[in-house]
Amino acid sequence: MAATTSERKGLKPHHIDMGERGIYHTDNRLNDLTGKEWVFATRSVINKSFPPSFQFALRSQHGGQKPPELCADLIRTFTKAGQRVLDPFMGVGGTLIGATISGRQAVGVEINPRWIEIYREVCRLEGLEEQQAVCGDSRTVLKEFEEESFDLVLTDVPYWNMDRRRRSKGKFKRADGPAVERRRSRLSPFTADEAAADVTGMEGKEAWLATMRDVFAASLRLLRPRQYLVVFIGDMYHSGRYHMLSAELAWLLESLGLVLKANLIWYDVAKKLHVYGYRYEFIPSMIHQNILVLRKE
Ligand SMILES: C[S@@+](CC[C@H](N)C(=O)[O-])C[C@H]1O[C@@H](n2cnc3c(N)ncnc32)[C@H](O)[C@@H]1O
């Protein structure tokens, strides 16, 4: 008697043949990926750029928006269809749009109502189902949510006073010449002096870490056990030194009881290179972001 297709492929009762996608194992506890897809989803470097989509120009008013397609890939890796995703720093909704296009449910919290309006406008223009977007400070809003009611926390942390600070000019002095004007990044407003931070309205690193601790502790309460917390965070070069914010945030999250599982590198191949420090010193041209992966054990 001729062998069936299943027999030829060596399929077991808990295997589902998904055609070109590969074999899906019904005992997969984490996601809906086949073995073939899992191989790509677990690589440590994501070397991808994303063409403008989902009203990119509108979302770009934010400045820290993430590609919804990248968020959708991460959501597909860390959840199954229909599960719930939380973003306590939702911005203009990269995570929420990612959840919609991957068939998950999501709740976002954002302190600035302008970004929620833009998210809603994007959904309207794109005909996307809107996820729940709550306007408020995550440090208080999250306390009202039900314990262990989310399957993934996917977020992208704010930097120092992102909205309040304008681009400003500073001066730097070359070893062999006069001081010259330079532009400072909107995203580099560290101050070493925490007391001065209060006076200038510029939040320092300690205050930032304290906010991160509060928001992530509140988020952790909402996450189901053995589920993941995934965070975008860029390192930063500022005031003559490299700040490994990814490492500082990772240690902070571990101190809350999470276990660090990976530091994925998102290398945006379309990112422009800049010349920094030419002829005088090495200053990195940052073309990657870190994506920390931690689990509530
Ligand atoms: C890096 S952005 C997120 C961008 C987002 N991934 C997107 O695709 O648009 C971080 C956001 O967190 C918001 N934020 C800062 N502190 C907050 C807080 N305590 N509670 C809620 N949102 C906050 C900021 O207004 C900012 O829009």
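Quick caveat: nothing in here was measured; it's all calculated off a predicted structure.

Draft legend 1. Molecular detail of the sheet that holds strand 7 (residues 150-156). What the eight strands build is an open sheet, ordered 3-13-14-10-7-4-5-6; its pairing is mixed. Strands at the two margins of the open sheet, each flanked by one partner only, are strand 3 (45-46) and strand 6 (132-135). Together, strand 4 (84-87), strand 7 and strand 10 (223-233) form the strand contacts of helix 4 (residues 68-78), whose direction differs from that of strand 7 by roughly 150°. The sheet contacts of helix 5 (residues 94-101) involve strand 4, strand 5 (105-110), strand 6 and strand 7, and relative to strand 5 the element is tilted by about 170°.

Draft legend 2. Looking closely at the packing of helix 4 against helix 5. Interhelical geometry of helix 4 versus helix 5 gives an angle of 60° and a closest axis separation of 7 Å. Looking at the two axes, helix 4 sits oblique to helix 5. The handedness of the crossing between helix 4 and helix 5 is right-handed. On helix 5, the residues touching P68, C71, A72 and I75 of helix 4 are G94, T95, I97, G98, A99 and I101. Grouping the amino acids of the contact of helix 4 with helix 5 by side-chain chemistry returns seven nonpolar, three polar and no charged.

Thresholds, definitions, all that
- Residues numbered from 1 in each chain as written.
- Predicted model: local features only at pLDDT ≥ 70, side-chain atom pairs only at ≥ 80, totals over all residues.
- Pairing = 2+ DSSP bridges.
- Helix = DSSP H or I, 4+ residues; strand = E, 2+ residues; numbered from the N terminus.
- Contact = placed C-beta atoms within 7 Å.
- Axes fitted to C-alpha atoms, helices over the stretch in contact; angles between N-to-C directions.
- Parallel < 35°, antiparallel > 145°, perpendicular 65-115°, else oblique.
- Left-handed = near helix turned anticlockwise from the far one by under 90°.
- Nonpolar A, V, L, I, M, F, W, Y, C, P; charged D, E, K, R; others polar.

Bear in mind that shape data such as this cannot, by itself, settle questions of function.
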